[in-house]
Every structure is written in structure tokens, then in C-alpha cells.
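One-letter residues, chain by chain:
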Amino acid sequence: MDDKQFQQQFLPTSYRYCGLTLDFNSDSDFETQFNVSIRDLSDADGWVRQFEAITKSNWKVRFTYPLKRTIQRKDYVCHHQDFRHIEGKGKKCEARVKFTGCKAKMIIKIKAVNKRTQYRYPWVKDGMPATITISYRHNHPMLNAQVLSFRKVDPIVKEKFVDYFNKGLSVASAIEYHLNEIDLDPDIDDPILTRADAALNPSRRVVSHLYDIWREENLGSRIGEGMWTVLRDKTKEYSSVGATVLINEESGVIVIVTPLMFRAHVQDTSKTIAFVDSTASCDADNHSITFVMLVSSYGAVPGGVVITTGQREVDYVAGFSALKSALGNSAFGGSGWPQIFMTDDSTAERNALHTVWPSATLMLCHFHILQAVWRWLWDSRHEVKKEDRQKFMQLFKDVLNATDRDVSEKFYQKLLCNVEHSGYREYVQQLWTRRTEWCKAWRNIPSMRGHHTNNFCEVTVRLFKDHVLTRCKAYNAVALVDFVITVMDRFYRNHLEKFANGRITASNILLEKLLLKSSYITDPETIGVVKSGVASVYTVPSQSNANIKYTVDPSIGCCSCAVGMDGSCCKHQVAVFKFFSETFPNLPPITAASRHECMNEVLALGYNAPPLSFYADMLERRVDEHRRWLCRHHWALIQNRI
């Protein structure tokens, strides 16, 4: 191999060279000396990094000499040399031995550039003051899978992984993504060699180390002052995307309100009912995360997230007070509090809600009440016979599900008379003192909109752990805040966008079922109309007994039937909608206007949403035409079924 070929194949091309001498035996066995355009030792390190990338080798500094007279010097050795290696330390596998006693070395000497050196050395005058001597005589192969696996990670690859971590990828996800990048990169000639090279495809251990460094810089320490310092520094970054993050280090409270959450509070439906529930074990320090969910025509949407150090009453009071401060006058549709808070039977949480929002009514989740009763019946300490458990449970369900207060009272007396177990009677008597919080007969409030459980929050906790945290614990509270503002906000935005784009048909299916149920009314004359000022109230006959009339009030969206008295949409309301074109606040959202409202000023995209025409039906029906078409369509379905 001549000098020119050697220079093109082995030396970095971004430098100038002269005076090259070469003793070449093979690609891993040669000696050479040359002058190069390197000005200082930092520039020398850059040249070495490029030389490593070309030759697939790694070099570590053996000696660095301070400036002596007119010369700087740095000595490098192959990283497989035993320099600074302690025998037996870090030895994990006999088959993988990194230190082979390799004798390859490199010496870089840099002359000072002055009149004397320029006069004495022509190559200094020509701008090449550095002399590099390389003894490239390795005692191991170079292009070998095991040798390549010991290479140090390339700085450019380091930057790539930092970028992956900035985008939210975990260690495992970053490794998988990087491998896919290697496979799909058309500029890589040999992907097999690249995947084997630890400089270009680092090991999991190296990536984990890079992630630890990134995490320390971006998220601070797991707990303590370091975490709070990073969080305080990042509040400006959160504000730039429209999110509000309030921090109270003294009480250990963090409150998060994203732009989507602010827009959710603007809706009129946010005045009616809110759902509150907490979860823990989401980060290394076991912070408690409390979700405040608001009801909307499109499902539940988050209205705020509170992170506290525990689940004591004092923690909840500090968290809810901070949330109230963060929301300001826009909280819960401008009313400042919802009419109803739906929770499980957490005394600390409920007391805190009453302290911060005393005007709101606290309701208990039916699921949690029934679960508590069932657990009481199955507790061996209470000695309830196995054959009596289902009977006792059904008696309590009758009390809970009664829609009339007198009927509920009768079922309660029936339970006391038919249950011989004194402990169970006492337990139910204690629950009966709180009947206004859980019994359906005391829940005939239109603002309930048929919600008797806290399932919106239960599902939110599952979605948060599945889709936001991907079933992994967050590093610390800073990571939790990042996840809420980025991943969680994006998840709900995308889901609402699916509804607006017509990809979720649950509302249409629900309305179809209600229209089918109301098909027994074929003549609008059977529906009575009572004018009350501008608004009208309607009387709709029962399906089973025409003499029984139910009163429908479209203005508040309720009916006097058992289904509609708590604000749920029932077949009687749909009948009024079908024949009288009345609008109800609780009707399933099926029109283009409702889809546009979901995207525009209310939830997903704010005021950056496309115009109303973008969400219009393909046939461009107006609302009244759409209603008539829907009714004709379902009447045809009914006729076909008959």
C-alpha cells in the first residue's frame, strides 16, 4: 500500500498532512509517522476520535505532558492494554476478556507556532505543527464481534440517545428505536458490522448509564432539594405551553392544570358533577396522585391533577386549595365549585373537599358502597353464613336502588325484619344514617346525569398507568409532572379528536337504541304540551300503561320516569326530541356542531380547530333535517323488524 492509499483509507480527510513515512504489513500491523494540521491538544483529541471511527479502534490517554519549551505532547495506548487494570476487578465472564496486553500506541507532539519554529521547521510554517507517531501493532483482530463490543460509544450516538430520552423514550424503547434506525438507514453499507459495533450500537448497560446521567440533569434527584430545584426551573417551560404548575414545597404539593383542563372548566357541564379519586405507587417516592374529572357530552375529561406526599386530610386540603387557586374564577364553569362531587368512601378526601368547597354536595360511589358491604359480609370475623350472604346483599341492593324515598324506607324496614344477624343490622343502620349520600331515592337531581359511580376516575387511573406511565414507575415527581403535561394531555386530545372526526360512534348507537325504545309513540298528538313562558313542558304516556303520564322538561334535561329523574336521557325525552325538535342538554352529541364544539372552543385544539364545515356530514344536512332523517331511518328499521 502506498502513502496516498494509506492516507485515504486510514487518516481523517478533514486535516492536511505531510512528511508521511510508512512501514505497512497489514490493516492491523503497521507503523507510521506524519505531520498534521493540529494546533492544540483538544484538537488532537478530535483527530483521535475520527481516527477511531475509521479504524474501528479505541485509544485511551496514557500520559499528558504540560507545555515544555515549545512542545505539547499526549501519549495514547490501545484500550485493550493493561494500563490501570487491576487483576480480577470487574471480571464477570472468562470468555469476555477485554485486557489483552496490547502494545499498540500513539504519540502526538505539537510544536508551538512562532517565528523560531516556523524558521526551523518548514512543516510548522505550512500550518502542520503536530507530529503523530503510530505503532499500530495490535495483538488482537480489529474487525471482530467481541473486539467491537468493547468500543466506547461515539459522541454523536450519545447525542442521539439524549434526543431519544428528551422525546420520552425509556431505555428499552430507545434501544429498540435505535436498532430500527440502523436497519432503515440507507447510508449504512454494512448493518451487521454496525449492530456489532458498540460505538454505534451501545450495550444496554451503556444506554442505562446515559439515561441515568440524562435523568439527573433533567429530573434532579429522586427526592429532596435537587428534585424541587429542577421542578422550579421547569415551571417557565411549562408556562410556555400554557400549563400552570403550582408548587408548595412546605406541604409537598404539586398542582397541574394543562390547557385542555382549563378549557374543560369553561364548559357549562363542568358546573354539574365532578369525580375525584386518588392512586399511589406511581413513582419511586410513592407520591399520591389525585385526579379531578369533569363530565362532558363527550365523556369524562381531566379538570386538574394534584400530587401530594400522602393521603392524609391535611395533604388533601393543601392540594385542593392549591388547585382552587390555580383555576381562579374559571373553575367549574365560572361557578367556583360543582354542584356534586362523586367520590369513594375516603374520609380524608371527603373532609378535605368539604373544607375547600363547602357548598358542593358530596355523593358516594355505588360501586364502592356495594363493594364495602360485600366485603363486610365475607369477613370471617362477622360470622355471616355463606348461604345468607347473597340474600343479605340483595336486600341492601333493594334499599340502594329504590327511586322513591317511601319505597326505600319500606325496603330498609324489610331488611331489618328479615335479617336475624344483629351485626349486619347494626352495620346497615350506620349506613342508613348517611342515606342521602348513596341511596338513589335521594339522588333525583338533574345534574347527576345518571352518574352513580366513580368509574370515570377508576378508568382514568387505569389509563394513566397503562398509556401514560406504560406500567412503569416514574423516576420522581418531576417526571410525573412531565408525563401529565405531555403524554396525558396528548392522550385525551387525541381521543377527543377521534370523536370529532367521526371515528367513535357510541353516541349514534345510544341514540338509535333510545329511538327504537320510543317507537311505541307514533302520533305526536298523544304527547301533551304545557306552555310555561318561553319554554314548554311535555307529558309523555307510558309504554305499559297509557294512563300514566311522565313529565319531560327539555330545559334541564330530565323526566319524571325512573330512568330520567336523575338527569339521564330516556326514551320519553327522545320522543319529544323526535316530534317537537326540542334540544336537550343530555342528548347524545351526534351533530357536526357538537363535533366542532368538541374540537374548537371547548376541549381538544382550542381555537386552532378547523371550521365547522370540516366536521359537517357528507350530505350537508341541517340539524332539523338530520333529526328528521334519523327518525325516518329508524322507523324504517322498526318496520323491517316487524
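In what follows, the structure referred to is the one given above.
Below you will find a few notes about this structure. All figures in this text were calculated on a predicted structure; none of them were measured in a lab.

Topic: the sheet that holds strand β9 (residues 273–279)
Backbone hydrogen bonds hold the strands of a sheet together, and the pairing may be parallel or antiparallel.
Next up, step 1: Strand order across the open sheet formed by seven strands is β7-β8-β11-β10-β9-β12-β13, with mixed pairing between neighbours. Each edge of the open sheet carries a strand with a single partner, namely β7 (244–248) and β13 (361–364). The average undirected angle you get between the axes of adjacent strands in this sheet is 25°.
Next up, step 2: Taken together, the three bridges between strand β8 (residues 253–257) and strand β11 (residues 299–308) define a ladder with antiparallel strand orientation. Bridging across to β11, Ile 256 finds its partner in Val 305.
Next up, step 3: The sheet contacts of helix α11 (residues 259–266) involve β7, β8, β10 (288–296) and β11, and relative to β11 the element is tilted by about 125°.
Next up, step 4: With respect to the sheet, helix α12 (residues 313–327) is in contact with β7, β8, β9, β10 and β11, its orientation differing from that of β8 by roughly 35°.

Structural notes on the sheet that holds strand β17 (residues 558–559)
Next up, step 1: Within the open sheet, the four strands sit side by side as β14-β15-β16-β17. Their pairing is antiparallel. Of all the strands in the sheet, the pair left with one neighbour each is β14 (528–532) and β17.
Next up, step 2: Direction of pairing for β14 relative to strand β15 (residues 535–541): antiparallel, over a ladder of five bridges. Looking at β15, one finds that Ser 532 is bridged to Ala 535.
Next up, step 3: Against the sheet, helix α22 (residues 571–580) contacts β14, β15, β16 (549–553) and β17, and its axis sits at roughly 120° relative to β15.

Digging into the nonpolar core
Next up, step 1: By size, the foremost hydrophobic cluster in this structure holds 87 residues, and its most contacted members are Ile 254, Val 305, Phe 341, Trp 357, Phe 464 and Val 481.
Next up, step 2: Counting residues per element, this core draws most heavily on helix α20 (residues 477–500), which supplies twelve residues.
Next up, step 3: Discounting chain neighbours no more than four positions away, the residues touching Phe 464 are Cys 282, Ile 289, Phe 291, Leu 469, Leu 480, Val 484 and Met 488.
Next up, step 4: Counting 28 residues, the second-largest nonpolar core is a separate cluster that includes Val 36, Phe 51, Trp 59 and Ile 108.

Comments concerning the environment of Trp 123
Next up, step 1: By secondary structure assignment, the location of Trp 123 is in helix α4 (residues 122–125).
Next up, step 2: Setting aside residues up to four positions removed in sequence, Trp 123 forms contacts with Cys 18, Asn 35, Lys 111, Met 128, Pro 129 and Thr 131.

Quick look at α22
Because each turn of an α-helix spans 3.6 residues, side chains separated by three or four positions in sequence point in the same direction.
Next up, step 1: Counting buried residues along α22, seven of its ten residues qualify, which places the element largely inside the surrounding structure.
Next up, step 2: Of all the positions in α22, only His 572, Gln 573, Val 574, Ala 575, Val 576, Phe 577 and Lys 578 are classed as buried.
Next up, step 3: Looking at the residues trailing α22, positive phi occurs at Ser 581, about 55°.

Notes on the state of the cysteines
Next up, step 1: The full count for this structure, using the stated rule, is zero disulfides.
Next up, step 2: Considering cysteine sulfurs only, Cys 559 is the nearest to Cys 558, which forms no disulfide, with 7.5 Å between them.
Next up, step 3: Judged by its relative accessible area of 14%, Cys 558 falls in the buried class.
Next up, step 4: No disulfide involves Cys 561; its nearest neighbouring cysteine sulfur is the one of Cys 559, lying 3.6 Å away.

Let's talk about the packing of aromatic side chains
Next up, step 1: Under the defined criterion, the tally for this structure stands at 37 aromatic pairs.
Next up, step 2: When the centroid spacing of 5.5 Å and the interplanar angle of 75° are considered together, the rings of Tyr 17 and Phe 34 count as edge-to-face. One end of the pair, Tyr 17, is in strand β1 (residues 17–26); the other, Phe 34, is in strand β2 (residues 29–36), and 17 residues separate them in sequence. A single burial state applies to Tyr 17 and to Phe 34, both of which are buried.
Next up, step 3: One aromatic cluster is present, built from ring pairs that chain together Phe 6, Phe 10, Tyr 17, Phe 24, Phe 30, Phe 34, Trp 47, Phe 51, Trp 59 and Tyr 136.
Next up, step 4: Seen from the ring of Trp 378, Arg 389 lies directly overhead, with NZ or CZ sitting 4.2 Å from the centre.

Calculation rules
Residues numbered from 1 in each chain as written. Predicted model: local features only at pLDDT ≥ 70, side-chain atom pairs only at ≥ 80, totals over all residues. Heavy atoms only, no water. Pairing = 2+ DSSP bridges. Helix = DSSP H or I, 4+ residues; strand = E, 2+ residues; numbered from the N terminus. Axes fitted to C-alpha atoms, helices over the stretch in contact; angles between N-to-C directions. Contact = heavy atoms within 4.5 Å. Core = buried A, V, L, I, M, F, W, Y, C linked by side-chain atoms within 4.5 Å. Buried < 20%, exposed > 50% of the residue type's maximum accessible area, 1.4 Å probe, protein only. Disulfide = S-S within 2.5 Å. Phe/Tyr/Trp six-rings, centres within 6.5 Å; stacked < 30°, edge-to-face > 60°. Lys NZ or Arg CZ within 6 Å of the ring centre and 35° of its normal.

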